[in-house]
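Tertiary structure, described
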Amino acid sequence: EAQVTQNPRYLITVTGKKLTVTCSQNMNHEYMSWYRQDPGLGLRQIYYSMNVEVTDKGDVPEGYKVSRKEKRNFPLILESPSPNQTSLYFCASMSGGYTGELFFGEGSRLTVL
Amino acid sequence: GQQLNQSPQSMFIQEGEDVSMNCTSSSIFNTWLWYKQEPGEGPVLLIALYKAGELTSNGRLTAQFGITRKDSFLNISASIPSDVGIYFCAGQAGGTSYGKLTFGQGTILTVHP
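Residues numbered from 1 in each chain as written. Chains lettered and ligands numbered in written order. Predicted model: local features only at pLDDT ≥ 70, side-chain atom pairs only at ≥ 80, totals over all residues. Heavy atoms only, no water.

**Considerations on the pairing of strand β4 (residues 31-37) of chain B**
All names here are of chain B. Heads up, the condition is: The buried label applies to any residue whose accessible area, calculated with a 1.4 Å probe on protein chains only, is under 20% of its type's maximum; exposed applies above 50%, and partly exposed to all values in between. The numbering of helices and of strands both runs from the N terminus, where a helix is a DSSP run of H or I of at least 4 residues and a strand a run of E of at least 2. Being paired, for any two strands, means DSSP has found at least two bridges between them.
Along β4, 7 of the 7 residues are buried, which leaves the element largely enclosed by surrounding structure. Neither face of β4 is left uncovered, since the one carrying T31, L33, Y35 and Q37 and the one carrying W32, W34 and K36 both have all their residues buried. Sheet analysis places β4 next to strand β9 (residues 85-92), joined by 7 bridges and oriented antiparallel. By the bridge assignment, W32 is partnered in β9 with G91. In this structure, β4 lies alongside strand β5 (residues 44-49), joined through 5 bridges in antiparallel fashion. By the bridge assignment for β5, W32 is matched with L49.

Written out as structure tokens, the structure reads:
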């Protein structure tokens, strides 16, 4: 089954404790991206990657890091989480045609205390 | 970053009514997309529009790509309870920015049986 898998789905952590949210896709897609969803603000793009070893900032990259060492994986790293990073995070992938059709994971709800 | 203004923010309607929502942008997009998010899941693509003036249908859904390339609307006819969810518009720029997809704030749709 074609899918985008995120882990963990739920996480409560404390300020300053480094964490990584993993994302993996099995569709051989070149493009992957991270979004955060906050009430009233919709989905805002954090980082995206057009292919292996190629990453670019989205609209809200501050406080986040990403890497793309393999085509299927695109982890999101919070080096020193802060309460304003409490949010629902989505990973998504898209085929090389860049049609705009994103395939989303189920989301990871992060709470930073 | 680019801003998309989506309205209305929420709608409460009776089953059988028609629904209309729209998105406007201060910038031009090459692609307009409409996604639906159901509770606990990631957004799923409903309709993609690739040409200014294009009108596309998907069952009871109809969407149009504005002639100025700065707006789009989505209509749902004869709503049913399973139409409940959050609807997002999204714009994809061209050129060197085609990896950046910008989402609207979302329209929360509630359908009363």
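**Quick word on the state of the cysteines**
Two cysteines, two sulfur atoms, one covalent bond between them: this is a disulfide. What counts is decided by this rule: For this text, the term disulfide refers to a pair of cysteine sulfurs within 2.5 Å.
In this structure the tally under the stated criterion is 2 disulfides over all chains. A sulfur-sulfur distance of 1.9 Å marks the disulfide that ties C23 of chain A to C91 of chain A. Taking the sign of the torsion about the S-S bond as the criterion, the disulfide between C23 of chain A and C91 of chain A, at about -75°, is left-handed. Pair noted here: C23 of chain A is in strand β3 (residues 19-25) and C91 of chain A is in strand β9 (residues 87-94), with a separation of 68 residues, a long-range link. No difference in accessibility class separates C23 of chain A from C91 of chain A, as the two residues are buried. The side chain of C23 of chain B participates in a disulfide bridge whose partner is C89 of chain B; the two sulfur atoms lie 1.6 Å from each other.

**Considering the interface of chain B and chain A**
Filter applied, for reference: Any two residues having at least one pair of non-hydrogen atoms within 4.5 Å are treated as being in contact. By buried area we mean the combined loss of accessible area, with a 1.4 Å probe, across both parts when two parts are placed together. Salt bridge, as used here: a side-chain nitrogen of Lys or Arg that lies within 4 Å of a carboxyl oxygen of Asp or Glu. Under the rule applied, a polar contact is a pair of N or O atoms within 3.5 Å (in protein, one hydrogen donor and one hydrogen acceptor; residues adjacent in sequence only if both atoms are side-chain atoms). Residue type decides the class: Asp, Glu, Lys and Arg count as charged, Ala, Val, Leu, Ile, Met, Phe, Trp, Tyr, Cys and Pro as nonpolar, and the leftover types, Gly among them, as polar.
Tallying the contact residues gives 23 residues for chain B and 24 residues for chain A. For the pair chain B and chain A, the summed buried area comes to about 1700 Å², and 54% of that belongs to carbon and sulfur atoms. Considering only the surface of chain B that becomes buried against chain A, K100, L101 and F103 of chain B emerge as the three largest contributors, covering 27% of it. A salt bridge links K100 of chain B to D59 of chain A; its shortest N-O distance comes to 3.2 Å. Connecting chain B to chain A are 8 residue pairs in polar contact (both at pLDDT 80 or more). Going through the elements one at a time, β4, β9 and β10 (101-103) of chain B are the ones with two or more residues in the side of chain B that touches chain A. Of the residues contributing to the side of chain B that touches chain A, the split by class is 10 nonpolar, 11 polar and 2 charged.

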